[in-house]
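# Close look at the chain arrangement
Here is how the chains run, residue by residue.
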Amino acid sequence: MLGDIVNPYYLQVASFILINIILGVSIYITLATGQLSLGHAGFMSIGAYTSAILTLNYNVPIVLGLLIAALLTGLVGVLIGFPALRLQGVYLAIATLGFGEVIRVLFINWEGLTNGAVGIAKIPHMGREILQFSKDIGFDPGVLGLKNNQFTSLSVFLVLLIIAIVVIWFFIRQNNSRVGRAFASIKMDEQASEAMGINITYYKILAFGQGALLAGFAGGLYAHLTAYISPSDFDYHRAVEILIFAIFGGSEVIWGPIFGAVFLSAAPEFLRAVSEYRFMIYGALLVLMMAFRPQGIIDVNMLNRFKRKKKKKEGEHGS
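Residues numbered from 1 in each chain as written. Predicted model: local features only at pLDDT ≥ 70, side-chain atom pairs only at ≥ 80, totals over all residues. Heavy atoms only, no water.

### Examining the overall build of the protein chain
Helix and strand content of the protein chain: 14 helices and zero strands. Of the regular secondary structure in the protein chain, the N- to C-terminal order runs α-α-α-α-α-α-α-α-α-α-α-α-α-α. In summary, the protein chain has a C-alpha radius of gyration of 21 Å against a globular reference of 20 Å for 319 residues, a match within 12%. With the principal axes as the frame, the protein chain shows a C-alpha extent of 60 × 60 × 40 Å. Residues counted as buried form 48% of the 319 residues belonging to the protein chain. Within the protein chain, the 18 negative side-chain charges are centred at a point lying 8 Å from the centre of the 23 positive side-chain charges. (Helix = DSSP H or I, 4+ residues; strand = E, 2+ residues; numbered from the N terminus. Rg over C-alpha atoms; globule rule 2.2 N^0.38 Å. Buried < 20%, exposed > 50% of the residue type's maximum accessible area, 1.4 Å probe, protein only. Lys, Arg positive; Asp, Glu negative; His and termini not counted. Charge placed at Lys NZ, Arg CZ, Asp CG, Glu CD.)

Right, here's the structure in full:
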């Protein structure tokens, strides 16, 4: 029976990994046009608080709350994108980091709406809502040999897995489209791209808006997975963590931040024995990466080598 193999703890860890994958893709989109942003923790917090407040205070369904949160965050991203066009490199990173901190301080001081530093508790939980819906239509998890907590953990994991797959599929398709080629051209040489007739302003703001929308959506999912959020969940460390997904895994291809998110999210589980030295180990890993592989673990050349090996094997089997 499923009840013997379904472990709620491991499913919850896997669910957090899937949310981090979505965050990894969100930073990849922004980096795809050469924009170094540290504001994704701020965008994530806007999505989380918007969805939490709508569902908790106004009885908005979770799905609708997530969509509104994502769209609102995307709009904020577009508004931030306009002044950000004047900045590049480290100046843009500092400006977006400042934006994230402003949002965090705003949530701390707006006690009437956000409950201040205490945070918001009793947010509708995705798994419990799915469980209630299942019972309302006459489905009992016991039929599958699952307890209620096992069913909620499994259902949340499956929903997040589907969402992550759809997000990855969409942006892989975008990369192979006119939009993706424009992003790559702007990242390679902005002035040459403009000379070729590419609308730099449009595509940079599009990338910023898409990255913000996705980060806000991930924030909403995070709120409905933990059922509790506070401003400390979206501080400077969260912004750096999201950026490290891309730095460690590689920002040239979409699989880089995905690998970085999976590895760095799962690593704490394997480093429990030396948990007090975890951040020292992270720091050492990043120093080694910068010294020996600054492009990250996964890059275009690595993917091309895999493709060539695959074609060679297929050719050998064919002959």
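From this point, the discussion proceeds with the structure in view.
### Section: the packing of helix H1 (residues 8-31) against helix H12 (residues 255-270)
Closest axis-to-axis distance for the H1/H12 pair is 8 Å, and the angle between their directions is 145°. H1 and H12 meet at a crossing whose hand is right-handed. Here H1 contributes Tyr9, Val13, Ile17, Asn20, Ile21, Gly24, Val25 and Tyr28 to the contact with H12, which in turn contributes Pro257, Ile258, Ala261, Val262, Ser265, Ala266 and Glu269. (Axes fitted to C-alpha atoms, helices over the stretch in contact; angles between N-to-C directions. Left-handed = near helix turned anticlockwise from the far one by under 90°. Contact = heavy atoms within 4.5 Å.)

### Quick word on helix H10 (residues 200-226)
Turn by turn, an α-helix covers 3.6 residues, leaving residues three or four places apart pointing in a common direction. Over its 27 residues, H10 extends 39 Å from the first C-alpha to the last, a length consistent with the 39 Å expected when each residue adds 1.5 Å. With 22 of 27 residues buried, H10 lies mostly within the body of the structure. A positive backbone phi angle near 65° is found at Ala227, which sits one or two residues after H10. (Expected span 1.5 Å × (residues − 1).)

### Some words on the nonpolar core
In terms of nonpolar packing, the biggest core is built from 83 residues, with Ile19, Val25, Ile29, Leu221 and Ile229 touching the most fellow members. Top element by residues in this core is H1. It accounts for 14 residues. (Core = buried A, V, L, I, M, F, W, Y, C linked by side-chain atoms within 4.5 Å.)

### Side note on the packing of H1 against helix H11 (residues 236-249)
With their axes 8 Å apart at the nearest point, H1 and H11 run at an angle of 75° to one another. On the basis of their axis angle, the class for H1 and H11 is roughly perpendicular. Residues Asn20, Leu23, Gly24, Ile27 and Leu31 of H1 pack against Arg238, Ile242, Leu243, Phe245 and Ala246 of H11. When grouped by side-chain class, the residues that make up the contact of H1 with H11 number seven nonpolar, two polar and one charged. (Parallel < 35°, antiparallel > 145°, perpendicular 65-115°, else oblique. Nonpolar A, V, L, I, M, F, W, Y, C, P; charged D, E, K, R; others polar.)

### Digging into empty space enclosed by the protein
Taken as a whole, this structure holds one cavity of 30 Å³ or more when the rule is applied. Of the pockets and cavities examined, the largest cavity occupies roughly 30 Å³. In terms of lining, the largest cavity is formed by Tyr28, Ile29, Ala32, Phe171, Gln174, Asn175 and Phe183. Among the secondary structure elements, those contributing two or more residues to the lining of the largest cavity are H1 and helix H7 (148-175). Among the elements that take part in the lining of the largest cavity, H7 stands out by supplying three residues, more than any other. (1 Å grid on protein atoms, 1.4 Å probe; cavity = no way out; pocket = protein on both sides within 12 Å on 5 of 7 lines; lining within 4 Å. Points joined across faces, edges and corners; volume = space filled by probe spheres on them.)

### Remarks on the layout of surface pockets
Empty space within the largest pocket amounts to approximately 800 Å³. Taken together, 27 residues form the lining of the largest pocket, with Glu241, Leu264, Pro268, Arg278 and Tyr282 sitting closest to its centre. Elements supplying a minimum of two residues to the lining of the largest pocket: H1, H10, H11, H12 and helix H13 (278-292). The residue makeup of the lining of the largest pocket, split by class, is 15 nonpolar, six polar and six charged. Taken as a whole, the second largest pocket spans an internal volume of roughly 480 Å³. Elements represented by at least two residues in the lining of the second largest pocket include exactly H7, helix H8 (178-188) and helix H14 (300-318). When residues of the lining of the second largest pocket are assigned to their parent elements, the largest contribution, six residues, is made by H8. Taken together, the residues of the lining of the second largest pocket break down into eleven nonpolar, four polar and three charged.

Nothing here speaks to function; it is geometry throughout.
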